[in-house]
Amino acid sequence: NQKMCDITGYSSEELLRLQIPEITHPDDREADWEAFQRVVRGEAPAYRMEKRYLRKDGSETWVNVNVTVIRDAAGRPVRSMAAIEDISERKRAEHALSESEAFTRVILDNLPVGIAVNSVDPAVTFSYLNDNFLRFYRTSRERLAGADTFWGAVYEDPELRESTRRKVLDDCASGDPD
């Protein structure tokens, strides 16, 4: 249809002369073929994958492909049917987000202060720690891996540990940063 022509840059007549592997990116051909063969053999009712097509001008475009096989009364495959969605914009956005996250992580990893991102509801669970945070508290990622291990890892004195824990959790619950 016209949408497939728009996605690939080929005319309808050109597409009718091409085989899908010819417009599929070389790195995606094997996985696409294997998934298609599983459907043809009846091992799966359909398959969905994200892959790249090579446009007529040589550029790549990302698509989400949903493929099923139509069978005759005896169960033999007679044709395939595919729904193809252009996901190039989403892939560009994902790539930009990934680069931005990597850039942010490099900055956080190299700041001369300790940085931690964690929950406190009510257990302390870390989603990010930079090395300076670990040095400041004289601990390791392994010691802080479990929920609520922070308090025991950094406060040896039980009374100080409990009073500090209670103060931090009460402050977090109240929204009062002081």
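Residues numbered from 1 in each chain as written. Predicted model: local features only at pLDDT ≥ 70, side-chain atom pairs only at ≥ 80, totals over all residues. Heavy atoms only, no water.

Bridge analysis of strand β4 (residues 116–120) against strand β5 (residues 124–129) gives five bridges, and the strand direction is antiparallel. Bridge pairing in β5 places Ser119 opposite Thr125. Between the end of β4 and the start of β5, which pair antiparallel, lie three residues. (Pairing = 2+ DSSP bridges. Helix = DSSP H or I, 4+ residues; strand = E, 2+ residues; numbered from the N terminus.)

Judged by nonpolar contacts, the single largest core of 15 residues is most densely connected at Met4, Leu15, Ile23, Tyr47, Tyr53, Val63 and Val65. For this core, the secondary-structure elements that each account for two or more residues are α1 (2–8), α4 (26–40), β1 (46–54) and β2 (60–71). Among the elements that make up this core, the one with the highest residue count is β2 (four residues). The contact partners of Leu15, leaving out residues within four places of it in the chain, are Met4, Cys5, Thr8, Tyr10 and Ile23. (Core = buried A, V, L, I, M, F, W, Y, C linked by side-chain atoms within 4.5 Å. Buried < 20%, exposed > 50% of the residue type's maximum accessible area, 1.4 Å probe, protein only. Contact = heavy atoms within 4.5 Å.)

Attention now moves to a nonpolar patch on the surface. Together, Ile70, Val78 and Met81 make up an exposed nonpolar region whose accessible area comes to about 250 Å². Locating Val78 in the fold gives a position in strand β3 (residues 77–86). Classification of Val78 by relative accessible area gives partly exposed; the value is 47%. (Patch = residues over 30% accessible without salt bridge, like charges linked within 9 Å, V, L, I, M, F, W, Y side chains within 5 Å. Areas by Shrake-Rupley, 256 points an atom, 1.4 Å probe, with all protein chains shown as cover. Salt bridge = Lys/Arg side-chain N within 4 Å of Asp/Glu carboxyl O.)

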